[in-house]
Amino acid sequence: MDDSLRQQGSDTQQPKSSLVSLQVFNNILNWLAGFIRLTEEEQKDAGIWLGDQRYK
């Protein structure tokens, strides 16, 4: 009976730790993406359109 309780406890921790790992990975990815700044010309050449162009 003790073994089944331990197994259930470890199973319930798995999704929580996976979620934390994904959040950490997402934060690192966003941090790294912050280093990449494209000029308007580079964005145009790459076909990247951010926001509504009428407000530029």
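Details of the structure are given in the entry above.
No experiment lies behind these values; they were computed from the predicted model shown. (Residues numbered from 1 in each chain as written. Predicted model: local features only at pLDDT ≥ 70, side-chain atom pairs only at ≥ 80, totals over all residues. Heavy atoms only, no water.)

**Q** Residue-level account of the overall build of the chain, with values.
**A** When you go through the chain residue by residue, the secondary structure sums to two helices and zero strands. Relative to its 56 residues, the chain shows a buried fraction of 2%. Of the roughly 5600 Å² of accessible surface on the chain, a fraction of 58% belongs to carbon and sulfur atoms. (Helix = DSSP H or I, 4+ residues; strand = E, 2+ residues; numbered from the N terminus. Buried < 20%, exposed > 50% of the residue type's maximum accessible area, 1.4 Å probe, protein only. Areas by Shrake-Rupley, 256 points an atom, 1.4 Å probe, with all protein chains shown as cover.)

**Q** Break down a nonpolar patch on the surface for me, with residues and values.
**A** A cluster of nonpolar side chains, namely Val20, Val24, Ile28, Trp31, Leu32, Phe35, Ile36, Leu38, Ile48 and Leu50, defines an oily patch on the protein surface of about 1000 Å² accessible area. By secondary structure assignment, the location of Ile28 is in helix H1 (residues 2–33). By relative accessible area, Ile28 is classed as partly exposed at 45%. (Patch = residues over 30% accessible without salt bridge, like charges linked within 9 Å, V, L, I, M, F, W, Y side chains within 5 Å. Salt bridge = Lys/Arg side-chain N within 4 Å of Asp/Glu carboxyl O.)

**Q** Pulling in residues and values, what's your account of the environment of Ile48?
**A** You can see Ile48 is positioned in the segment after helix H2 (40–46). By relative accessible area, which is 33% here, Ile48 ends up partly exposed. Measuring from C-alpha to C-alpha, the distance between Ile48 and Leu38 comes to 9.8 Å, with 10 residues separating the pair along the chain. If we ignore the near neighbours within four places in the chain, the residues touching Ile48 are Leu38 and Gln43. (Contact = heavy atoms within 4.5 Å.)

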